Each structure stands twice: as structure tokens, then as C-alpha cells.
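Structure at a glance
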Amino acid sequence: MIISGSASQVLAAELAAALDEPLARVEYERFPDGELLASTPSVVDGPLVGGLFQLQDAAREWTDGEVVTVVPYMGYARQDEAFEEGHPVSARAVARAISSGTDRVLTVNPHEDAVCDFFEVPAEPVDAAGRLADPLPADLDDPVFLSPDDGALDIAEAARDAYGSGDVDYFEKTRHSGTEVELTPSDADVSGRDVVVTDDIIATGSTMAGAVEILNDRGASRAFVTCVHPILADDAYAKLSRAGVGAIYGTDTVERPVSEVSVAPVIADAL
Ligand code: R5P
């Protein structure tokens, strides 16, 4: 049985189909004070309150089997250390809270795999980077798969391997603030070639917009932008469009208009 949180309905439906498992019906109501009432009448008698933690609790109530929590996009994973004295390690706080209601956790391309160590139950990263090759045109011209920093190089390599051809390279990135990044281009010759820029997350879009501007200045033919988690906060989409992006492709770990490809097959394999 797959129980979907409200933010992952498309992915949950894909996963239920991939595993040939039923998809629980979840109903939502809101009280006058704003609190949410989520109930799953198809699997439990009584109502549930809230989101993930309450759905985990409900799953415990109606099954003696293993409860696996799939975290398609682990929020707060980039806060994996205390940035200043007195700051929390937010990724650890989130991981501990999720651990309390489950036997096992799967999370798709967390910002760093080491974040799985924060969970207090077995937790594994699921690599969906190969899925990013799916929506790319079949006729890429002498492609270069590029990551905006060396941390995402493995994602670019996985996308290139899944596509079947192309070079791989990366830029150097220095982050000055939440919205300001400085990119130092690599020596890769991109002139007249199609370039696929690949990262784990597009948040504000600053990283990708900077990369695409450099690529266009250097005469790249077409610049495609792909990522696992298309958060696209604030004006990210407009920022990327202004930068001259050919197309943006993401997965359904975060449901957005650009979520062209599902991670359901790789989650199904890991379950
Ligand atoms: C950071 O290291 C990540 O891999 C992404 O590059 C980053 O989260 C993208 O953020 P933004 O879209 O805000 O530049």
C-alpha cells in the first residue's frame, strides 16, 4: 500500500503503478483555526491529523509490516552543519524527526549522501540522475554534460552514461550569498556544441542562469538545464528564461511544470 503526502501525488501514483500496489485514498479538511485534518478512510477507521508524521503514525497503526518512508526531496539537507556557533544542524533535526515514525528511509539524491547518517533507522540514497537523460532530444550535437561544481560531477556523469555519448566537465563555483554565485568556467570547448548542465537542485536558479550565460557567451549551440529537484523558488524560472536556457527538465521529486521524468522506477527498484 502506498500512502501519498499531498506534495507527492504524481510520484505516489507512478510508484503505485510501478509496484502494482494500491494507492490509499487520503482526504483533507481544514479546521477554522487553520489546522489540517488528513484522513485515509480506505485504510484506517479513525482520522489522521496533519502530514508526513501523522501518515507514518497511521501506517504503524494498520500494519504489522515494515513502514518505509520515501522522502523524494529532503528539505534542509543543505543545512548539514552548524554554520555558526549556536546554529542547529537542521538536516539532522529533520532526519531524527522522520526516523521516529519509520523502519527505513529512502531519499532521492540528497545534497550529500552523508546526510543519510543523520537518520536513526537504516537510510539509503536513491540515485535518479540517470533518469535525467530521458527527456533530452535524441539528436544532441557533440554534447557536453556539465555540472556547475565538482560536487555534482557524478550527476553529470550518470546523465551522460544514460544518454550514451558525450563529454563530461564541470565549473568551479563560489557562493557569495543565497542568491549570488560566481562561476569559473572550465577549459572545455563548448563552441558549436549542445551542452546539458546538470545539478542536484535548482533553487533560486542563480547557479544555472550563471552557467548558461557563460555557455552562451562561449558560443554553445543549445543549453539544456536538468536537475533532480526542480524547486524553482521565487523567480527562478524567469531568471533561467532570461539567461537563454533552451529547456529545463526536472523530475517529480518536486512537482513542477518542468517535472518531465518520474523517479518512480528507481524508487521501486530500491524498495
Ligand atoms: C549546491 O551546491 C547545489 O548543488 C545547487 O547547485 C544549488 O542548490 C543551486 O542553488 P541555486 O539554484 O539557488 O543557485
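Up top you'll find the structure we're talking about.
Report on the accompanying structure. Fair warning: this is a prediction, and the values are worked out from it, not measured in the lab.

Turning our attention to the overall build of the protein chain. Secondary structure assignment for the protein chain yields seven helices and 14 strands. Seen along its three principal axes, the alpha-carbon backbone of the protein chain occupies a region of about 65 × 45 × 35 Å. The burial tally for the protein chain puts 46% of its 271 residues in the buried class. The long-range share in the protein chain, meaning contacts at least 24 apart out of those at least 6 apart in sequence, stands at 57%. Per element, the accessible surface of the protein chain, about 13,100 Å² overall, is 45% carbon and sulfur. Measuring between centres, the 17 positive side-chain charges of the protein chain sit 3 Å from its 50 negative side-chain charges.

With that out of the way, let us pick up the site of the ligand. Every one of the 14 residues lining the ligand counts as a neighbour, but Arg78, Asp199, Asp200, Thr204 and Thr207 are closest to it. In this structure, an oxygen atom belonging to the ligand sits 3.3 Å away from a side-chain N or O atom of Arg175. One nitrogen or oxygen atom from the side chain of Asp199 is found 2.5 Å from an oxygen atom belonging to the ligand. Most atoms of the ligand, that is more than half of them, are within 2 Å of grid points of the second largest pocket. Of all the elements in the fold, those that place two or more residues in the shell around the ligand are strand S9 (172-175), strand S11 (195-202) and helix H5 (206-217). Sort the elements by how many residues they give to the shell around the ligand and S11 lands first, with four residues. In the shell around the ligand, the residues fall into three nonpolar, five polar and six charged.

How each quantity is defined
- Residues numbered from 1 in each chain as written.
- Predicted model: local features only at pLDDT ≥ 70, side-chain atom pairs only at ≥ 80, totals over all residues.
- Heavy atoms only, no water.
- Helix = DSSP H or I, 4+ residues; strand = E, 2+ residues; numbered from the N terminus.
- Buried < 20%, exposed > 50% of the residue type's maximum accessible area, 1.4 Å probe, protein only.
- Contact = heavy atoms within 4.5 Å.
- Areas by Shrake-Rupley, 256 points an atom, 1.4 Å probe, with all protein chains shown as cover.
- Lys, Arg positive; Asp, Glu negative; His and termini not counted.
- Charge placed at Lys NZ, Arg CZ, Asp CG, Glu CD.
- Near = heavy atom within 4 Å.
- Polar contact = N/O pair within 3.5 Å; in protein donor to acceptor, adjacent residues only side chain to side chain.
- 1 Å grid on protein atoms, 1.4 Å probe; cavity = no way out; pocket = protein on both sides within 12 Å on 5 of 7 lines; lining within 4 Å.
- Sits in = over half its atoms within 2 Å of the grid points.
- Nonpolar A, V, L, I, M, F, W, Y, C, P; charged D, E, K, R; others polar.

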